[in-house]
Amino acid sequence: MSFLGRSLAGQFVTRMDVALEARYSSAEGDRGCQDLHPVITVDGLVKHFRVHRREAGMRAGLRGLVHREYALVRAVDGISFRVAAGEVVGFLGPNGAGKTTTLKCLAGLLYPDAGALDVAGFRPFERDQDFLGTITFVMGQRNQLYWDLPAMETFHANREIYRIPRSDFEATLDVVVNLLEIGPYLDRPVRNLSLGERMRCELAAGLLHRPRVLFLDEPTLGLDVTAQAAVRRFISHYSHDYSATVLLTSHYMADITALAQRVLVIDHGVLRHDGDLAALVAQRAPIRQITVTLTGDVDDRALARFGNVVNRSKLSAVIEVPRDSISAVASQMLTALPVSDVSIADPPIEEVIDRLFTERDG
Amino acid sequence: MTARSFLALIKTETAVAVEYRTRILIWVLSSVFPLLMLAVWLSVEQTSGDRLPWSRGELIGYYFAAAVVSQLTSSFLTWAWDEDMRSGALSFRLLRPMHPFFQYLAREVGFRLVMAGFLVPSLVAATFAWDDLTYSLTPARGLLVIVTVLCGFLLNVLISMTFATAAFWSTQMANLYSLWWGAGAFLSGWIAPTELLPAPVRVASYLLPFRSSMGLPLDILVGRSTAAQSTAGLLVTAFWFLVFTWAFTRLWRAGLRHYQAVSG
Amino acid sequence: MAGRSPSLPGGQRLRRYLRLLRIFWSATVQAELEYRLNFLSNALLSLFWLVWAALGVGVYFRFGETVNGWSYPELLVVMGWFFAVNGLRQAVIQPNLGRMTEYVRMGTLDFVLTKPVNSQFMVSFRHLGIYNLLDPLLGIGLMVAALIWRGEMVSVIDLVGWVVLGAGALSVVYALAVAIQSLALWAIGGEALDDLLQGVVEAGRFPVQMYRGFVRALLTFALPVAVMTTFPVEALLGRTTLKLVVVVTLVAAAALVGASLVWRLSLRHYRGASA
């Protein structure tokens, strides 16, 4: 049992590594081809909301009855980007950055205040039935499945609603059920499923009509690690097999690193970065981390000469060093200190992103 | 959207309603209002004797059927819609390539089918169990009852969807619909059979859309509606159906635009 | 106010619970202040239903001066009192006990049960449906108007009788709500439980004399419809007896104790089932 678990985990890590490899090696290469066949074109998208504002307390509440103050929330404030067919793009940004609003505009749920949108040749807000048959929008926190019926019933209803030919339906269902491993859950009422089981069924329901464009809003929210991995695997297979275009938001960096070749970082309704993750790290994290394993005792001050010591134990240390001087510093260390091992790595991506968002406030 | 996909949706929604059968049963049992009305009208009949133009038998037949017909023709879509807007479930309906009107209609049909499944047999059984409760129906009139009930149901769904659509602008639609329903209760034959209302109210009842889903089929059922009156009633229903179709389609288009503009 | 859990001895505890009540309800009121249009529209709606009910009753009197011994103004007094009781049900019971099924399903009940406060108190008075608080005032307004129209003086003794029987009526409605909603802890009934209570209360729209035979017996002895509306109004009209007042008081006390027992029993079952 534990062996099986470990080997699965090993497989997963390998897969992640491969994905990372691919991501880092692709670097600038694929950016050029985006403009050839953009499936999604967003030009200067703006979406503002008016929200009622009030302080805490009964007095403020009563005052609000008579006089109201409103604040304008610039949910999306002039965003432009293009996504080519088959691209998987990750949306990063803190809560309320405008990610979901952008997705909703693209799915035709919201009417933009300004800007031009084109998704698969349609203007989303017109909600053409062919457009709706081309896309899917999966929201991690909400469900479209019939709560009191087995998921299979929703699948059949969707087959009719999306007018999916029976043979196509059977084929897709087969693939989807196998990839998501939901076979055993299909004939149980949805209310009796766990969150992970339900979310996988939800994903299946959203993809039976083989949409070419997928909007996935936090598809792994609240899932355990196994379910997250299953969802990730599935999305990657699906986008590959059907050359589907995927726009994905997630709070789990692992989702983004595993799936997206390209990330859009959005904050306060403004696009702050558009490109691959490696470029983001290089650009936003002008430092790298050197981890040294020592053979003997070394003075703290001796270490501090080389850079910012972020982690220190008796026989090892992690030191931040400017990206440009990394090789020089590393070789100096090798000669000056009793070192048994040195490794160089980028800081964790979460830290890079966090730095990106806190920089703005600072 | 095709007829096939609509039928498939009705099938699914009926399955949902079947899951809720216990709840529906309790709900039906607790809607005592028509039987309260019957009790009071029987008291009135006893005290006032000949001054009341309706007989005891007619009153019993009318209100027992009212308990059934009101359940079959009423619509909770305004509230369902309200709830869907709050919870965000409306987004899912908008994302499907089928007009939400038909999605909601399917839901309502499924629900009412399950209700009819045990209400109509119960009413039939009651006529055998209780001698005072009888209907003398010809096949033609029976058919007319079914037709008017169906028309009344459709009109009511359309009206409640029209109100629901206005919820795009205002959070008060459920309340406004309550007002509409309340006004309707006077004129629909709910408080009293139309014939027993004071003259001006009676005229309003014949002309406005409320009676279509209640008084009209009931009057036909108990035999207090001439052929001419029934035809006139159906014409009134058709007229209001056109009016609300027009209103709904206009409101829908504008409302959707508005929803897309403001929903967060 | 509808009855309080009977197991609250000691002034200090009572004060504590009153303070809790204030905190709970002021939070509800604040939350609702956000929706100002709701105030206006609900007030209008309340007024509309009152007029609706009063006019609706009028239809019966087109065919006679009295209906089973009740004149139009007398029936209006019943209608007003029904409005008050029903309004309190909607304001206090519906937003709390009415949501029991939701509490069980969403697991909110577990939060309630982990608080160091009497659980029945928590599930009964956590929220307040402020929009319906106008209904009792409107209802009493209608009662006063109808009594003036009727043109007979109401003696102080009649008034005392009404107050005592009225308190008994509210206690019985509350007890019935607790008992019915306890079913949710056995996973019975779902949201329709609230409709069930509403159905019972709804029957109190008319005095029991309007019903006959089996139905009247049922509404008088099995379901608390007579206790709820007919008896208090009869007191106001000078038609009650001391014996009835005593009996109703005892019945109300028994109902409150019984409801509390049912609640505890159901809670024990719920904890056993969900552990």
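For the structure, check the block above.
Below is a short write-up of the structure. (Residues numbered from 1 in each chain as written. Chains lettered and ligands numbered in written order. Predicted model: local features only at pLDDT ≥ 70, side-chain atom pairs only at ≥ 80, totals over all residues. Heavy atoms only, no water.)

Regarding the pairing of strand β1 (residues 38-53) of chain A
All names here are of chain A.
In step 1: In terms of strand pairing, β1 meets strand β2 (residues 69-84) through 13 bridges, oriented antiparallel. Looking at the pairing, H52 lines up with Y70 of β2.
In step 2: Judged from the five bridges that link them, β1 and strand β4 (residues 114-119) form a sheet pairing that is antiparallel. Each residue of the ladder has a partner; that of T41, found in β4, is D118. (Pairing = 2+ DSSP bridges. Helix = DSSP H or I, 4+ residues; strand = E, 2+ residues; numbered from the N terminus.)

Concerning the interface of chain B and chain C
In step 1: Chain B puts 36 residues into the contact, and the matching count from chain C is 33 residues.
In step 2: Carbon and sulfur atoms make up 68% of the area that chain B and chain C hide from each other, which totals about 3100 Å².
In step 3: It is R23, L36 and V40 of chain B in chain B that bury the most area against chain C; as a group they hold 16% of the surface buried on that side.
In step 4: The tally of links from chain B across to chain C stands at zero salt bridges.
In step 5: On the surface where chain B and chain C come into contact, there are seven residue pairs in polar contact (both at pLDDT 80 or more).
In step 6: Sort the elements by how many residues they give to the side of chain B that touches chain C and helix α3 (residues 33-48) of chain B lands first, with twelve residues.
In step 7: Here the residues of the side of chain B that touches chain C are counted per class, giving 23 nonpolar, ten polar and three charged. (Contact = heavy atoms within 4.5 Å. Buried area = accessible area lost by both parts, 1.4 Å probe. Salt bridge = Lys/Arg side-chain N within 4 Å of Asp/Glu carboxyl O. Polar contact = N/O pair within 3.5 Å; in protein donor to acceptor, adjacent residues only side chain to side chain. Nonpolar A, V, L, I, M, F, W, Y, C, P; charged D, E, K, R; others polar.)

As for the interface of chain B and chain A
In step 1: Contacts between chain B and chain A engage 30 residues on the former and 31 residues on the latter.
In step 2: Each partner contributes to the roughly 2900 Å² buried at the junction of chain B and chain A, and carbon and sulfur atoms together form 57% of this total.
In step 3: Note that E19 of chain B and R191 of chain A form a salt bridge whose closest N and O atoms lie 3.9 Å from each other.
In step 4: Linking chain B with chain A are four residue pairs in polar contact (both at pLDDT 80 or more), by the criterion used here.

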